[in-house]
Amino acid sequence: MRNREVAELLYETADIMEFQQIEWKPRAYRRAAQNIENFGEDIEKVYEKKGKKGLTEIPGVGESIADHIAEYLKTGKVEKFEGLKGKAPSGTAELMEIRGLGAKKMKKLADKLEIKTMSDLKNAVKSHRIRRLSGFGVKSEENIARAIENYEKSHSRIPLGKALPLAEEIISGLKEELKNGTPGLDLSRIIYTGSLRRLKETIGDIDILAEAEEADAGKIMDAFVSLPEAGQVVSKGRTRSSVILKEGFAIDLRVVPPESYGAALQYFTGSKEHNIGLRNIALREGYKLSEYGLYSKNSGERIAGKSEEEIYRKLGLEYIAPELRENRGELKAAAKNELPELVDAGDLRGDLHMHTDYSEGAESLETMVEKAESMGYEYIAVTDHSRSQRIANGMDIETLKEQWKEIKSLSKRFRIKVLRGSEVEILKDGSLDYPDEILKELDVVVGAVHSGFAASEREMTGRIITALENKHLDILAHPSGRLLGKREAYAVNFGKVFEAAAENGKVMEINCQPSRLDLNDELIFRAKDYELKFCISTDSHSVSDLASMRYGLGQARRSWLEKEDIVNTYPYSRLKEVFKKLRD
Ligand code: DGT
Ligand code: CA
Ligand code: CA
């Protein structure tokens, strides 16, 4: 059903018209929008069956609105509306989304205070100019301030490491709520979809899909909007509801019947680009694919829809893992049975980057070792900070040697192999932060840049390449230095860095910290062209961080990496050889 989508388009257009003081039209548009929203049939199907005439049978929809709707259904946009948007002062559309700020109020703010953009509005709130305007007042200014804050939160992207636990919490809350009241409901079929299922590094909004017969859909929606995490309910319907969480993030829930579950899961997992590619394959093969199912184009007969596997199979494709669905060649590869055999959580045998309370970690060495062993790992590397990293309590040589002693004594009590490691500063001149006689005693040297981010591209590239040419360095930690949403990657020539790393056999880290995810998928793709090897490392600062492996694993899978590409899938005997070779 695209009724709601079409209605929203008309509402939005009405707002823009009103702002431009186009007199009578906004009312007509809103009336049409409301009728479409409440219209019992699927507007797209009506149009397919009866054409434009079918649309004009909807109350309030005249010739010209019907033309616009037809254009929208066919092309996804309406030229005339785009033109209107273009004529509105830029920033209007964004301001329109501030709740409670209708067109009339906006017009007044624009005329009296020259507020035309979001930043104008923010400044006016800050300097309390709005409360002095007639018809506004203190309360209304405060409401606007709150609405801006919510708008910003719901429009900024959420890091994967935050969105994933949040979605899991929402889903388990939902299941808990439904467990008692709704016997017969298949609770295993409540699942997150969208960019989250594709494990993208940031998430725009969280999408959840649930399977239920029509009779149970209402109960799921009720449970959803009354979750303790839910704040504002944006919309609530039989098949789709949207809420903004108290934390500010947007979540969509869709409920579909069992026969459409697989089709809906496929559709709402996306990406949009993958879906478009897949739909074209379907058309070529004589089918029609939608979120309801796969149908024969001629007879309209239903071919598949219960499961994703069935849909891909019927289209002559191998099953495509969600992380690959970005239209980056996966459809062609699936048609030829040439998809990669992606690295899996079960393939990982160890974690090569973590901190203890010897430097800035929260827990003792023993606690970390114990936890890692309980996770079933074969080995870990303990990599506390080197001496120059003072703010992170970097270790001097004496302390490092004490740590070695403790590692030795722990190795008698634990099965897991604990490697002597260090996260060693790559200093400004590219040299490493311990002398060679210390470095050569370490099993794993993880080199990292933590300072001088403002350096020129030439300086930074030179600094890193010098470190990569050092035979004691094994792994380059978080190679781009970016912090999601906070700091861009430093200026560096990645081509040259990857080339030097390949020449010297160095391993590139995929750092799992939610604020890093570094390398990210794009850079991993580039690095792969140089035939580099990678390691997926948590950079843990506490035992709970050890579980963040899945975020980096997601980026590795999104970049088509296989087990063989990742050194911490190797048994220790082989890993040791990799690092030893580098030192000879
Ligand atoms: P996000 O939320 O920006 O991180 O990204 P997604 O991928 O979760 O996108 P979202 O939430 O807008 O929509 C969820 C999925 O629904 C998307 O991945 C694919 C599907 N979808 C949304 N809009 C379209 C569309 O216009 N065409 C097609 N074919 N699929 C769409
Ligand atoms: Ca989404
Ligand atoms: Ca969504």
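Rules used in this analysis
- Residues numbered from 1 in each chain as written.
- Chains lettered and ligands numbered in written order.
- Predicted model: local features only at pLDDT ≥ 70, side-chain atom pairs only at ≥ 80, totals over all residues.
- Heavy atoms only, no water.
- UniProt positions renumbered as here; feature names shortened; annotations may be inferred.
- Helix = DSSP H or I, 4+ residues; strand = E, 2+ residues; numbered from the N terminus.
- Contact = heavy atoms within 4.5 Å.
- Polar contact = N/O pair within 3.5 Å; in protein donor to acceptor, adjacent residues only side chain to side chain.
- Phe/Tyr/Trp six-rings, centres within 6.5 Å; stacked < 30°, edge-to-face > 60°.
- Lys NZ or Arg CZ within 6 Å of the ring centre and 35° of its normal.
- Near = heavy atom within 4 Å.
- Areas by Shrake-Rupley, 256 points an atom, 1.4 Å probe, with all protein chains shown as cover.
- Donors = N, O, S within 2.8 Å, 3.2 Å for Na, K, Ca; no water.
- Buried < 20%, exposed > 50% of the residue type's maximum accessible area, 1.4 Å probe, protein only.
- Pairing = 2+ DSSP bridges.
- Axes fitted to C-alpha atoms, helices over the stretch in contact; angles between N-to-C directions.
- Core = buried A, V, L, I, M, F, W, Y, C linked by side-chain atoms within 4.5 Å.
- Domains from an automatic or database assignment.
- Parallel < 35°, antiparallel > 145°, perpendicular 65-115°, else oblique.
- Left-handed = near helix turned anticlockwise from the far one by under 90°.
- Nonpolar A, V, L, I, M, F, W, Y, C, P; charged D, E, K, R; others polar.

Per an unreviewed UniProt entry, the protein chain carries the name DNA polymerase beta and comes from Methanosarcina mazei. Quoted verbatim from the Cofactor (unreviewed entry) field of UniProt, the annotation for the protein chain is "Mg(2+)". If you open the UniProt record of the protein chain and go to Subcellular location (unreviewed entry), you find "Cytoplasm".

A.B. asks: Hey, could you go over the environment of arginine 415 for me, with residue numbers and the actual values?
C.D. replies: Its place among the elements puts arginine 415 in the loop between helix H18 (397-413) and strand E13 (417-425). Sequence separation of arginine 415 and arginine 157 is 258 residues, and the distance between their C-alpha atoms is 42 Å. Those residues in contact with arginine 415 that sit more than four places away from it in its chain are Glu373, Tyr377 and Glu378. Only 3.4 Å separates the side chain of arginine 415 from the backbone oxygen of tyrosine 377, close enough to count as a polar contact.

A.B. asks: For the packing of aromatic side chains, give the residues involved together with the corresponding values.
C.D. replies: Scanning all chains against the criterion turns up 7 aromatic pairs. A centroid spacing of 5.9 Å and a plane angle of 15° characterise the contact between phenylalanine 453 and tyrosine 490, whose relative ring orientation is stacked. Taken together, the residues span a long stretch of sequence, with phenylalanine 453 in the loop between strand E14 (444-448) and helix H20 (457-468) and tyrosine 490 in the loop between strand E15 (475-476) and helix H21 (494-503) at a distance of 37 residues. Here the basic side chain of lysine 45 rests over the ring of tyrosine 292, its NZ or CZ set 5.4 Å away from the ring centre. In this structure, arginine 420 is placed above the aromatic ring of tryptophan 404, and the distance from its NZ or CZ to the ring centre is 4.2 Å.

A.B. asks: Would you mind going over the site of ligand 1 in detail, with residue names and values included?
C.D. replies: Of all residues adjacent to ligand 1, which total 16 residues, the nearest are Arg157, Ser195, Arg198, Gly204 and Asp205. Contact between ligand 1 and arginine 157: an oxygen atom at 2.8 Å from a side-chain N or O atom of the residue. Between ligand 1 and glycine 204 there is a distance of 2.7 Å, counted from an oxygen atom to a backbone nitrogen or oxygen. If ligand 1 stood free it would expose 590 Å²; the protein chains cover 73% of that surface.

A.B. asks: Just give me the short version of the coordination of the calcium ion (ligand 2), but keep the residues and values in it.
C.D. replies: Note on the calcium ion (ligand 2): its protein donors are Asp205 (O), Asp205 (OD) and Asp207 (OD). The metal-donor distances range over 2.2 to 2.5 Å. Between the calcium ion (ligand 2) and the calcium ion (ligand 3), a separation of 3.8 Å is found, and both are coordinated by aspartate 205. Overall, the relative accessible area of 11% leaves aspartate 207 in the buried class.

A.B. asks: Describe the side chain of serine 359, and please don't skip the residues or the numbers.
C.D. replies: Within the element layout of this structure, serine 359 appears in the loop between strand E11 (350-351) and helix H17 (365-374). Of the residues examined, serine 359 reaches a relative accessible area of 6% and is grouped as buried. Separated by 2.5 Å, the side chains of serine 359 and aspartate 384 make a polar contact.

A.B. asks: Quick rundown of the environment of glutamate 176? Include the residues and the values.
C.D. replies: Along the chain, glutamate 176 turns up in helix H10 (residues 160-181). Taking the relative accessible area as the measure of exposure, glutamate 176 reaches 47% and is therefore partly exposed. C-alpha separation for the pair glutamate 176 and alanine 223, spaced 47 residues apart in sequence, amounts to 9.7 Å.

A.B. asks: Give me the UniProt feature "domain: Polymerase/histidinol phosphatase N-terminal" (unreviewed entry) in the protein chain: which residues, what numbers.
C.D. replies: Mapped onto the present numbering, the UniProt feature "domain: Polymerase/histidinol phosphatase N-terminal" (unreviewed entry) falls at residues 350-428. This span, residues 350-428, is 34% helix and 19% strand, and a straight line between its end C-alpha atoms measures 31 Å.

A.B. asks: Break down the coordination of the calcium ion (ligand 3) for me, citing the residues and quoting the values.
C.D. replies: For the calcium ion (ligand 3), the full set of protein donor atoms is Asp205 (OD), Asp205 (OD), Asp207 (OD) and Asp252 (OD), at a range of 2.2 to 2.9 Å. Expressed as a motif, the donor residue spacing for the calcium ion (ligand 3) is D-x1-D-x44-D.

A.B. asks: Help me get a handle on the sheet that holds strand E10 (residues 302-304), residues and values and all.
C.D. replies: Ordered by their spatial adjacency, 3 strands build an open sheet running E8-E9-E10, and the pairing between neighbours is antiparallel. Only two strands of the sheet have a single partner each, and these edge strands are strand E8 (287-290) and E10. On average, each strand axis in the sheet is tilted by 35° relative to the strand beside it, whichever way the strands run. Here 2 bridges tie strand E9 (residues 293-296) to E10, and the two strands are oriented antiparallel to one another.

A.B. asks: So what's going on with the UniProt feature "domain: Helix-hairpin-helix DNA-binding motif class" (unreviewed entry) in the protein chain? Residues and values would help.
C.D. replies: The positions that UniProt labels "domain: Helix-hairpin-helix DNA-binding motif class" (unreviewed entry) are, in the present scheme, residues 53-72, 93-112 and 128-147. Measuring from the first to the last C-alpha atom of residues 53-72 gives 16 Å, for a span that is 70% helix and 0% strand. The span residues 128-147 shows a helical share of 55% and a strand share of 0%, and its end C-alpha atoms are spaced 15 Å apart.

A.B. asks: Can you tell me about the nonpolar core, naming the residues and giving the values?
C.D. replies: If you look at the biggest cluster of nonpolar residues, it comprises 59 residues, and the most contacted ones within it are Ile380, Ile464, Leu468, Phe498, Met508, Phe534 and Ile536. Setting aside residues no more than four positions away along its own chain, phenylalanine 534 makes contact with Val507, Met508, Ile510, Leu519, Ile524, Ala527, Lys528, Leu561, Asp565, Ile566 and Val567. In this structure, Ile170, Tyr192, Ala223 and Leu253 belong to the second largest nonpolar core, which totals 36 residues.

A.B. asks: Describe the domain arrangement of the protein chain, and please don't skip the residues or the numbers.
C.D. replies: As far as domains go, the protein chain holds domain 1 (3-154), domain 2 (158-256), domain 3 (260-335) and domain 4 (345-583). If you average the C-alpha positions of domain 1 and of domain 4, the two centres end up 50 Å apart.

A.B. asks: Describe the packing of H17 against H18, naming the residues involved and giving the relevant values.
C.D. replies: Contact geometry of H17 with H18 gives a least axis separation of 11 Å together with a crossing angle of 40°. Our classification of the angle between H17 and H18 gives oblique. Relative to H18, the crossing made by H17 is right-handed. Taken together, the residues of H18 that come into contact with H17 (itself represented by Leu365, Glu366 and Val369) are Gln403, Glu406, Ile407, Leu410 and Arg413. Taken together, the residues that form the contact of H17 with H18 break down as 4 nonpolar, 1 polar and 3 charged.

A.B. asks: Tell me about the environment of leucine 196, and please be specific about residues and values.
C.D. replies: Summarising the element assignment, leucine 196 is placed in helix H11 (residues 194-197). Through-space distance from the C-alpha of leucine 196 to that of threonine 569 is 25 Å; in sequence the pair is 373 residues apart.

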